[in-house]
Amino acid sequence: MNAPTTRRLTVAQALVEFLAHQYTERDGRRHRLIHACWGIFGHGNVAGLGQALLESGAASDQGASPGPPVLPYLQGRNEQAMVHAAVGYARQCDRLSAQAVTTSIGPGATNLVTGAALATVNRLPVLLLPGDVFATRPADPVLQQLEVPSAGDLSVNDALRPVSRYFDRVTRPEALIPAALQAMRVLADPVDTGAVTLALPQDVQAEAYDWPVEFFADRVWRVPRPAPDADALADAVRALRAARRPLVVAGGGVHHSEAEDALCAFADATGIPVASTQAGKGSLRHDHPADVGGIGHTGTATADALAREADLVLGVGTRYTDFTTASSTLFAGPGVRFVNLNIASFDAHKLGAACLVADARAGLEALTAELSGHRVDAEYESAYRAAKADWERRVDAAYAAEDASVRPSQTQVLGALDAVVDDTDVIINAAGSLPGDLHKLWRARSRRQYHLEYGYSCMGYEIPAAIGVRLAAPDRPVWALVGDGTYLMNPTEIVTAVQEGINITLVLIQNHGYASIGGLSQATGGERFGTDYRFRAEDGTYTGAPLPVDLAANAASLGMQVLRAATVGELRAALAEARGANRPTCVYVETETADTVPGAPEAQAWWDVPVAETATRPAAVAAREVYDRHTAGRRRHL
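Thresholds applied
Residues numbered from 1 in each chain as written. Predicted model: local features only at pLDDT ≥ 70, side-chain atom pairs only at ≥ 80, totals over all residues. Heavy atoms only, no water. Core = buried A, V, L, I, M, F, W, Y, C linked by side-chain atoms within 4.5 Å. Buried < 20%, exposed > 50% of the residue type's maximum accessible area, 1.4 Å probe, protein only. Helix = DSSP H or I, 4+ residues; strand = E, 2+ residues; numbered from the N terminus. Pairing = 2+ DSSP bridges. Axes fitted to C-alpha atoms, helices over the stretch in contact; angles between N-to-C directions. Contact = heavy atoms within 4.5 Å.

**Student:** Kindly report on the nonpolar core, identifying the contributing residues and their values.
**Tutor:** Generally speaking, nonpolar side chains in soluble globular proteins are found buried as a group. Ile295 and Leu367 are the most contacted members of the largest nonpolar core, which totals 52 residues. Take this core: its biggest share by element is 5 residues, from helix 8 (residues 230-242).

**Student:** Describe the sheet that holds strand 9 (residues 195-201), with residues and values.
**Tutor:** Read from one edge to the other, the open sheet built from 6 strands follows the order 5-4-6-7-9-8, with strand pairing classed as parallel. In the strand order of this sheet, the two ends are held by strand 5 (73-75) and strand 8 (166-169), each with one partner. Between one strand axis and the next, the sheet turns by 20° as a mean value, whatever way the strands run. Contacting strand 6 (98-103), strand 7 (126-132) and strand 9, helix 5 (residues 112-121) runs over the sheet at an angle of about 155° to strand 7.

**Student:** How would you explain unusual backbone geometry if you had to name every residue and give the values?
**Tutor:** In the segment running from Asp140 into Pro141, the intervening peptide bond is cis, with an omega of 10°. The backbone of Ser327 sits at a positive phi, close to 50°, despite the residue not being glycine. Residue placement: Ser327 occurs in the loop between helix 12 (322-325) and strand 16 (337-342).

**Student:** Requested: an account of the pairing of strand 2 (residues 22-26), with residues and values cited.
**Tutor:** Summarising burial for strand 2: 5 of the 5 residues are buried, a large majority. Taking every second residue as pointing to the same face, both faces of strand 2 are buried, with Gln22, Thr24 and Arg26 on one and Tyr23 and Glu25 on the other. Judged from the 4 bridges that link them, strand 2 and strand 3 (residues 29-32) form a sheet pairing that is antiparallel. Bridging across to strand 3, Tyr23 finds its partner in Arg32.

**Student:** Which residues make up the sheet that holds strand 3, and what values do they have?
**Tutor:** Ordered by their spatial adjacency, 3 strands build an open sheet running 3-2-11, and the pairing between neighbours is mixed. A single partner strand is all that each edge strand has here, and the edge strands are strand 3 and strand 11 (219-222). Recorded for the sheet is a direction-independent mean angle of 35° between the axes of neighbouring strands. Pairing of strand 2 with strand 11 involves 4 bridges; the strand directions are parallel. Pairing of Glu25 across the sheet is with Arg222, part of strand 11. Packed onto the sheet, helix 6 (residues 176-188) meets strand 2 and strand 11 and runs at close to 35° relative to strand 11.

**Student:** Would you mind going over the environment of Leu508 in detail, with residue names and values included?
**Tutor:** Within the fold, Leu508 resides in strand 21 (residues 505-510). We classify Leu508 as buried; its relative accessible area is 0%. Distance in space between the C-alpha atoms of Leu508 and Gly483 is 5.8 Å, their sequence separation being 25 residues. Not counting residues within four places of it along the chain, the set of residues in contact with Leu508 comprises Val482, Gly483, Asp484, Tyr487, Leu551, Cys586, Val587, Tyr588 and Val589.

Now the structure itself:
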């Protein structure tokens, strides 16, 4: 008897089955491409993807048992947060494994937009499966449908087009086959990856079709390591050999390529110092002699001084954001040139660079081999190592708290955490004043310890991302560092962590407002307007007493174990207890507003935030004078 050549399934059932059989492979190691599907159900997906996930066995089988693979289901509370969790998972997996997110139509779908933008900006894969309005239009409009008089084929899901690397609306069952294959291609492509959206009309999800069985066969998407072009490699080697003060800028591509060992070998062989972007921090261990810390507006004094005087910059896997380049003022050497090693041609060509379009690991290995016997001048190496040692002493001073009975500053919170963690811990943050402090001060001990989402700097990322990281690395302690402003944006997934027993630790810092934007407001003449969480004063400004909110009580009400710390000593004890806890735990601490971060960012590396050209208030007038001085230092590297 001949085996059947087709299977009759609904579109949703077919998609779930298809996703369960997709894999990536790099360096001979295979990974599940779509590990699980997050979902909140409504009329746009409950009878389609919801039913399909249930029927596949995802509700009871998390993929650990033998037999045909299924697509595990994860219940979320907020659609944006589900995307953040999926992004955190994908980053921890070096982009080789991802997660899907399904929502209903309407607000459930539009809540995906911020998370999709974050994923695409950071070049991290996530599959979005929003429900859509009826393709056949038996009822028009349906609940939550956006009507556009000039375009009958638009829905709110079209808002996802500009923030998706691939978008398709599956209006016929047979259209799923090419759409799903293209979606997997983009998710697995290290150049094109980001958010991928397959909009699924709710009637089409439930429609049956006879699918070719080949559609459900195991499919492997190989992730290549392209080598650099020989001529381009030779040009880069000549430039590096001729440079007297070279500097490496390590970006997130080092981590995505698992190129840390190759970078270490390159630095060991050549003595060239390595500075890191927010995404690239941890590319070298903090105690490697060539690691000079973060670079740019939030960088260390050591790295920024080297950048200002560099005659050649080797960018490895970096996008060169304005924070890295100090808004095009940092690389000030009169003859500075750039060599960019990047798997994406788009990024490799930035700053008028000589381009090495290649995988970061393959490119670094090739450079190391071709530079055999070459090393920077001993005097240069000695000087940057001395500067590095001096910076470390400044970090020690910032972390120190001789009196354990006082309220800690924010940097002392980081110092207390630094004393508790080891190589296995993961530190997650995204927005506020913490990213700057962490980039300057944190001593990254391992390749995936430092997890900063700073491409989109999205408040509310940290807690759901911690869940995603913990799902990817269940044996690693995971810390979500959150200020009060960020916490109030998106605490919902605490409930998910408690429900699923996902053991994350939240360090909740109460500083009564938007500390980072408050500082920026003051620097740009805004006088901290609208940045403090305080009662309204008689003059109409928010300068009254702090609000009587108790965020620790809120975290406890959502199911977390909460440890309150009022002093440095209590904080140290609470962090140690939290690290050993076997349930989701929150350490709550109120900090002093005055801080001890070494080095003024404005003096080290500027960030271009335009200031009012005309104003009557003295603060804005003074800020504009400072702004005009800095803009004079901008340059285009051509």
